[in-house]
Amino acid sequence: RCLSDWSSDVCSSDLIGYDLLKQAVVEIDYKSHNLTIFDPNAFRYQGAGGRAALTVINGWPLVSATIKIPGRQPIAAVFWVDSASPSAVNHPLIRQSTGPLAPAKLSTGLGIKTVDAVVGKIEYIQLGTLKVNGLVSVCCTGNDERDRQIGTGILKQFDTIFDYPHHLLRSEERRVGKECRSR
């Protein structure tokens, strides 16, 4: 089915989806706009990046993380990972921040509709061994799944590796002239 109803000429059959990716190790280098798909039997990770357990439910990748916002204790939560969303972190906890919040309009996806939201800073989010400080966060779409999301606002800061067969999300600092990890 084409997505032209939502102002796009892309057909869903043209998209790379979970049916392919669930069998692979996928590296996304946002800076160079490269997506590399590795055979999981040949892939050998040689980096020293952060890692978090990756769970997949109905084709959607999820990670557990700890989020800390101003004025609140850190909480553990499950986030779905959206490698196409421009947001860093979406979580309802943002509305409870004692830090500054600004009103905003938030797209619910594909520009179909917008909803009232708030934007604020998080102190940190920690995914496994990876900790990211001082990101801007947004909340809420009114969709419980979307309101607990990690997007490219975090992922694009790193080379991100989805190791679906081994249930791992890896993120590491970018390196100039990095070697192939699948030798």
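Being a predicted model, the structure only gives us computed values, none of them experimental.

Engineer: Help me understand the packing of aromatic side chains in this model?
Structural biologist: For any pair of aromatic rings, geometry is given as the distance between the ring centres together with the angle between the planes. Within this structure, the stated rule accounts for 3 aromatic pairs. Summarising the aromatic geometry, the rings of F38 and F43 are spaced 5.2 Å apart at their centres and angled 55° between planes, so their arrangement reads as tilted. Aromatic pair F162 and Y164: ring centres 5.8 Å apart, planes at 10°, arrangement stacked. Using a relative accessible area of 3% as the deciding quantity, one classes F162 as buried. Over the aromatic face of Y124 sits the side chain of K131, whose NZ or CZ is 4.2 Å from the ring centroid. Directly above the aromatic system of Y45 lies the positively charged group of R170, at a separation of 4.2 Å from the ring centroid.

Engineer: Would you mind going over the pairing of strand β1 (residues 25-29) with me for this structure?
Structural biologist: Residues in a regular strand point their side chains to alternate faces of the sheet. Most of β1 sits out of view: 5 of its 5 residues are buried. The two faces of β1 match: V25, E27 and D29 on one face and V26 and I28 on the other face are all buried. Of the strand pairs in this sheet, β1 and strand β2 (residues 34-38) are connected by 5 bridges, and their pairing is antiparallel. Looking at β2, one finds that V25 is bridged to F38. The turn joining β1 and β2, which pair antiparallel and follow one another in sequence, is formed by 4 residues; a positive phi near 60° is taken by H33. As defined by bridge partners, β1 adjoins strand β13 (residues 159-163) across 5 bridges and the pair is classed as antiparallel. Pairing of I28 across the sheet is with T160, part of β13.

Cut-offs used in this document
Residues numbered from 1 in each chain as written. Predicted model: local features only at pLDDT ≥ 70, side-chain atom pairs only at ≥ 80, totals over all residues. Heavy atoms only, no water. Phe/Tyr/Trp six-rings, centres within 6.5 Å; stacked < 30°, edge-to-face > 60°. Buried < 20%, exposed > 50% of the residue type's maximum accessible area, 1.4 Å probe, protein only. Lys NZ or Arg CZ within 6 Å of the ring centre and 35° of its normal. Helix = DSSP H or I, 4+ residues; strand = E, 2+ residues; numbered from the N terminus. Pairing = 2+ DSSP bridges.

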